Amino acid sequence: MAGGVRPLRGLRALCRVLLFLSQFCILSGGESTEIPPYVMKCPSNGLCSRLPADCIDCTTNFSCIYGKPVTFDCAVKPSVTCVDQDFKSQKNFIINMTCRFCWQLPETDYECTNSTSCMTVSCPRQRYPANCTARDHVHCLGNRTFPKMLYCNWTGGYKWSTALALSITLGGFGADRFYLGQWREGLGKLFSFGGLGIWTLIDVLLIGVGYVGPADGSLYI
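Nothing here was measured: the structure is a model prediction, and the numbers come from that model. (Residues numbered from 1 in each chain as written. Predicted model: local features only at pLDDT ≥ 70, side-chain atom pairs only at ≥ 80, totals over all residues. Heavy atoms only, no water.)

Peer 1: Run through the packing of helix 2 (residues 160-170) against helix 6 (residues 198-208), naming residues and quoting values.
Peer 2: As a packed pair, helix 2 and helix 6 sit with axes 9 Å apart at the nearest point and diverge in direction by 165°. As the angle between them shows, helix 2 and helix 6 are arranged roughly antiparallel. Between helix 2 and helix 6 lies a crossing of left-handed hand. Across the interface between the two elements, Trp160, Ala163, Leu164, Ser167 and Ile168 of helix 2 pack against Thr200, Asp203, Val204, Ile207 and Gly208 of helix 6. Grouping the constituent residues of the contact of helix 2 with helix 6 by class yields six nonpolar, three polar and one charged. (Axes fitted to C-alpha atoms, helices over the stretch in contact; angles between N-to-C directions. Helix = DSSP H or I, 4+ residues; strand = E, 2+ residues; numbered from the N terminus. Parallel < 35°, antiparallel > 145°, perpendicular 65-115°, else oblique. Left-handed = near helix turned anticlockwise from the far one by under 90°. Contact = heavy atoms within 4.5 Å. Nonpolar A, V, L, I, M, F, W, Y, C, P; charged D, E, K, R; others polar.)

Peer 1: I'd like a description of the side chain of histidine 139, backed by residues and values.
Peer 2: Along the chain, histidine 139 falls in the loop between strand 8 (127-134) and strand 9 (145-151). Taking relative accessible area as the criterion, histidine 139 reaches 17% and is therefore assigned buried. Leave out the neighbours within four places in its chain, and histidine 139 touches Leu51, Pro52, Ala53, Ile56, Ile95, Met97 and Arg144. (Buried < 20%, exposed > 50% of the residue type's maximum accessible area, 1.4 Å probe, protein only.)

Peer 1: Any details on a nonpolar patch on the surface? Residues and values, ideally.
Peer 2: Where nonpolar side chains cluster on the molecular surface, the patch consists of Leu170, Phe173, Phe178, Trp183, Leu187, Leu190 and Phe191 and spans about 700 Å² of accessible area. Structurally, phenylalanine 178 is set in helix 3 (residues 175-179). (Patch = residues over 30% accessible without salt bridge, like charges linked within 9 Å, V, L, I, M, F, W, Y side chains within 5 Å. Areas by Shrake-Rupley, 256 points an atom, 1.4 Å probe, with all protein chains shown as cover. Salt bridge = Lys/Arg side-chain N within 4 Å of Asp/Glu carboxyl O.)

Here it is as structure tokens:
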């Protein structure tokens, strides 16, 4: 009797091993366990209406009237969890926004690439092509990344107050021009004693009104 029980136990153990291996193959080769990249921007169990735009899919209507409030039906993307006002799990919801394309947003609602190769102090003011992206919490129509022509607006760390103080006190020796990186003009003022005072007075006025700026074309801070 004992001899017949042992093969039966061995068969049961073999069946368990085979069942475990089959389940392991299904789990490892079936569904993907990779987390989508947008999930990193999506707060877990937060309000659905406050999720970033990258976390939801909305049915938009491009025929809405510009500047008017509109409502769109939205659904959370896979692997995103959120709740409603009663803290109940929610997948579909309505979002309120203003009818406008992303490129029509105010400047505070998007971020753009900056350029340090254009002249900020020039007449007329120079523009540069930039790629802008709507902020995560802002909802808008169309592509969230868009091109714009922006005015040059960067600084190299030069202070207007320092330049003006040097122009008043040591302008006759060209210290203001040296500080702004304009060494040719600085040498000219140095060896001409500030243009016998005339050049010094003119520079005080030009730096005071902001007409003369840094040589690299940046703005004062």
